[in-house]
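A look at the structure
Each chain, letter by letter, is given below.
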Amino acid sequence: MESTRDLLLKIIRIRRHLIRAGVSYKNVVRCQQYINKLESWLQAYPKATERQVLKWARGHSEKILFLAPSGAHPAHQSLIEKINQTLFSHAPIH
């Protein structure tokens, strides 16, 4: 199973590609802000455990879902399923 950190990096990579290709239909400035926020946290805590990354990602799930590619992208359905499975199907974290 893919780690939460790997999933976040994949979403960032796809959104950056869409922005560079000029086919991002979402607010590009907001996407850049969210990417910077996610990357800064991932870089600041490189040794964070899966549990810590998951807890942080759940708190920022709105940003993560905003960065996910839209329905026209071939990876949309599989990424949304992975996001839902990773962030929302685990037991509560306290």
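Look up a bit, the structure's there.
These remarks concern the structure in this document. Only a predicted model underlies this, so the values are computations on that prediction, with no experimental measurement involved.

Reading the values: rules and limits
Residues numbered from 1 in each chain as written. Predicted model: local features only at pLDDT ≥ 70, side-chain atom pairs only at ≥ 80, totals over all residues. Heavy atoms only, no water. Core = buried A, V, L, I, M, F, W, Y, C linked by side-chain atoms within 4.5 Å. Buried < 20%, exposed > 50% of the residue type's maximum accessible area, 1.4 Å probe, protein only. Helix = DSSP H or I, 4+ residues; strand = E, 2+ residues; numbered from the N terminus. Axes fitted to C-alpha atoms, helices over the stretch in contact; angles between N-to-C directions. Parallel < 35°, antiparallel > 145°, perpendicular 65-115°, else oblique. Left-handed = near helix turned anticlockwise from the far one by under 90°. Contact = heavy atoms within 4.5 Å. Nonpolar A, V, L, I, M, F, W, Y, C, P; charged D, E, K, R; others polar. Salt bridge = Lys/Arg side-chain N within 4 Å of Asp/Glu carboxyl O. Phe/Tyr/Trp six-rings, centres within 6.5 Å; stacked < 30°, edge-to-face > 60°. Lys NZ or Arg CZ within 6 Å of the ring centre and 35° of its normal.

Re the nonpolar core
Within soluble globular proteins, side chains that are nonpolar generally end up buried alongside one another. Counting residues in hydrophobic clusters, the biggest one holds 25 residues, and the most contacted among them are Ile 11, Ile 64, Leu 67 and Ile 83. Looking at this core element by element, the count peaks at seven residues for helix H1 (residues 4–21).

Here's the deal with the packing of helix H2 (residues 28–44) against helix H3 (residues 50–59)
Helix-helix packing is characterised by the crossing angle of the two axes and by the distance between the axes. Across the interface, H2 lies against H3 with an axial gap of 12 Å and an inter-helix angle of 160°. In terms of axis orientation, H2 runs roughly antiparallel to H3. Helix-helix and strand crossings are classified by hand; for H2 and H3 the assignment is right-handed. Residues Lys 37, Leu 38 and Trp 41 of H2 form the contact with H3, whose participating residues are Gln 52, Val 53 and Trp 56. Considering only residue class, the contact of H2 with H3 consists of four nonpolar, one polar and one charged.

Some words on the pattern of salt bridges
Within the structure shown, the criterion is met by one salt bridge. With a closest N to O distance of 2.7 Å, Glu 39 and Arg 16 form a salt bridge. In this pair, Glu 39 is assigned in helix H2 and Arg 16 in helix H1, connecting sequence segments 23 residues apart. With a relative accessible area of 17%, Glu 39 lands in the buried category.

Some thoughts on the packing of aromatic side chains
Counting across every chain of the model gives three aromatic pairs. Pairing Tyr 34 with Phe 66 gives two aromatic rings, centres 5.4 Å apart and planes at 80°, and the pair type is edge-to-face. Taken together, the residues span a long stretch of sequence, with Tyr 34 in helix H2 and Phe 66 in helix H4 (residues 61–67) at a distance of 32 residues. Its relative accessible area of 16% is what places Tyr 34 among the buried residues. Relative to Trp 56, the ring of Trp 41 has its centre 4.6 Å away and its plane inclined at 15°; by these criteria the two rings are stacked. Taken together, the residues Trp 41 in helix H2 and Trp 56 in helix H3 connect sequence positions 15 residues apart. Taken together, the ring pairs connect Trp 41, Tyr 45 and Trp 56 into an aromatic cluster. Taking the ring centre of Phe 66 as reference, the NZ or CZ of Lys 26 above it sits at 5.2 Å. Positioned above the aromatic ring of Phe 66 is the side chain of Arg 30, whose terminal nitrogen or guanidinium carbon lies 5.7 Å from the ring centre.

Everything listed here is a matter of coordinates, which is why it stays silent on function.
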